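# Coordinates in review
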Amino acid sequence: MLSKRVIPCLDVRAGRLTKGIKFQGNVDIGDPVESARRYYEEGADEIVFYDITASAEERGIFLDVVERVASQIFIPFSVGGGISSVADMRAVLNAGAEKVSINSAAVRDPGLVADGAAAFGSQAIVVGMDVLRVPVSESIPSGYEIVIQGGRRRMGIDAIEWARQCQELGAGELCVNSIDADGTRDGYELTLTRAIVDAVSIPVIASGGAGAPEHMYDAVSKGGASAALIASIVHYGQYTIRQCKEVMAGKGAKVRLTW
């Protein structure tokens, strides 16, 4: 059985680490490179970086940050935000990232998922899904809708169907973020997580809402996720990566312990 992964998520704006609640009210909380190194040293399995305004501002990715991170940590990390072409993917991977995460651009042009997988392999392509809970309708039968541009634009696409399509196109992994739970620390949206896990056979990362290690355990057990993405609980010093993993292991989750 594969170990469940613990993945700190670092949202970056203007080269600085930032955090908000439900994609709003972001505040500056430090240097993303220093934070990445600390999480690496604490035992993080991977790290995710998002340039959270790149898509909305229609600009390129922060390659300088990617290069600095690659020189400081020695675990896989993925980068998302502002990636809209195979050339963008190549630039990020050449700067030192192991994976690219595409979200808004993939929704606008699903062929980008297939093109990226063909160029770099499915293992390098993560599709990020920002999901909003909505009333069930003919177009959104699951009650979960895909939104893009940092939660600013609803797309009328059912999240479960989009997950299946991404797998068919060649995505190697899905990162499923609940906008309703994001930054609340009330726990992951487990119904959403489980629905997508059951719909695909590729790894699913649960994202949005972690407030305690117990929530992370729930994500990988009840939710069935392959990994738990975390942000606020480690950014603000509430828990360390080690503490999170110890709690998860104590409850029966298989995690990588290096101490």
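Reading the values: the criteria
- Residues numbered from 1 in each chain as written.
- Predicted model: local features only at pLDDT ≥ 70, side-chain atom pairs only at ≥ 80, totals over all residues.
- Heavy atoms only, no water.
- UniProt positions renumbered as here; feature names shortened; annotations may be inferred.
- Core = buried A, V, L, I, M, F, W, Y, C linked by side-chain atoms within 4.5 Å.
- Buried < 20%, exposed > 50% of the residue type's maximum accessible area, 1.4 Å probe, protein only.
- Helix = DSSP H or I, 4+ residues; strand = E, 2+ residues; numbered from the N terminus.
- Contact = heavy atoms within 4.5 Å.
- Phe/Tyr/Trp six-rings, centres within 6.5 Å; stacked < 30°, edge-to-face > 60°.
- Salt bridge = Lys/Arg side-chain N within 4 Å of Asp/Glu carboxyl O.
- Right-handed = clockwise from strand over helix to strand, strands pointing away.
- Pairing = 2+ DSSP bridges.

In the annotation of an unreviewed UniProt entry, the entry for the protein reads Imidazole glycerol phosphate synthase subunit HisF, and the organism field reads Desulfovibrio piger. Taken from UniProt, the Subcellular location (unreviewed entry) comment for the protein reads in full: "Cytoplasm". For the protein, the Sequence similarities (unreviewed entry) comment in UniProt is given as "Belongs to the HisA/HisF family."

### Thoughts on the nonpolar core
In terms of nonpolar packing, the biggest core is built from 72 residues, with I47, F49, M129, L174, I196 and M216 touching the most fellow members. By residue number, the principal contributor to this core is helix α7 (residues 159-169), which donates five residues. Once you skip the residues sitting within four places of it in the chain, M216 turns out to touch V6, Y188, A210, A228, I230, I233, C244 and M248. Among the nonpolar cores identified, the runner-up in size contains nine residues, and V48, Y50, V126 and L229 belong to it.

### Quick word on the packing of aromatic side chains
Taken as a whole, this structure holds two aromatic pairs when the rule is applied. Aromatic side chains Y40 and F74 sit 5.9 Å apart centroid to centroid with 65 degrees between the ring planes, which places their arrangement in the edge-to-face category. Taken together, the residues span a long stretch of sequence, with Y40 in helix α1 (residues 32-42) and F74 in the loop between α3 (63-70) and β5 (77-80) at a distance of 34 residues. Residue classification places F74 among the exposed residues on the basis of a relative accessible area of 60%. When the centroid spacing of 5.8 Å and the interplanar angle of 80 degrees are considered together, the rings of F49 and F77 count as edge-to-face.

### Some points on the pattern of salt bridges
Applying the stated criterion across every chain, the model contains 14 salt bridges. One salt bridge connects E173 with R5, and the closest N-O pair in it is separated by 2.5 Å. Pair noted here: E173 is in strand β10 (residues 173-178) and R5 is in strand β1 (residues 5-13), with a separation of 168 residues, a long-range link. Per residue, the accessibility class of E173 equals that of R5, and both read buried. Ionic pairing is found between R68 and D31, a salt bridge with its closest N-O pair at 3.5 Å. With R68 in helix α3 and D31 in the loop between β3 (24-30) and α1, this residue pair connects regions lying 37 residues apart in the sequence. Residue D31 is classed as buried on the basis of its relative accessible area of 18%. One salt-bridge network, in which partners are shared between bridges, spans R5, E46, K99 and E173.

### A look at the pairing of strand β6 (residues 99-102)
By the alternation rule, side chains of β6 split into K99 and S101 and V100 and I102, which are all buried. Note that the unit made of β5, helix α4 (residues 86-94) and β6 has a crossover that is right-handed. Sheet topology places β6 next to strand β7 (residues 125-133); three bridges connect them, and they run parallel. Looking at β7, one finds that I102 is bridged to V127.

### Side note on the UniProt feature "active site" (unreviewed entry) in the protein
Within this numbering scheme, the UniProt entry marks D11 and D130 as carrying the feature "active site" (unreviewed entry). With the annotated positions falling across 120 residues, the maximum pairwise C-alpha distance of 14.0 Å places them together in a single cluster. The class of D11 is buried, set by a relative accessible area of 14%. By secondary structure assignment, the location of D130 is in strand β7.

### Concerning the environment of D51
Along the chain, D51 turns up in strand β4 (residues 47-51). You can call D51 buried: its relative accessible area is 4%. In this structure the C-alpha to C-alpha distance between D51 and V79, which are 28 residues apart in sequence, comes to 7.9 Å.

### A closer look at the environment of G82
Topologically, G82 is positioned in the loop between β5 and α4. Classification of G82 as buried rests on a relative accessible area of 14%. Once the C-alpha coordinates of G82 and Q149 are considered, the two residues, 67 residues apart in sequence, prove to be 9.9 Å apart.

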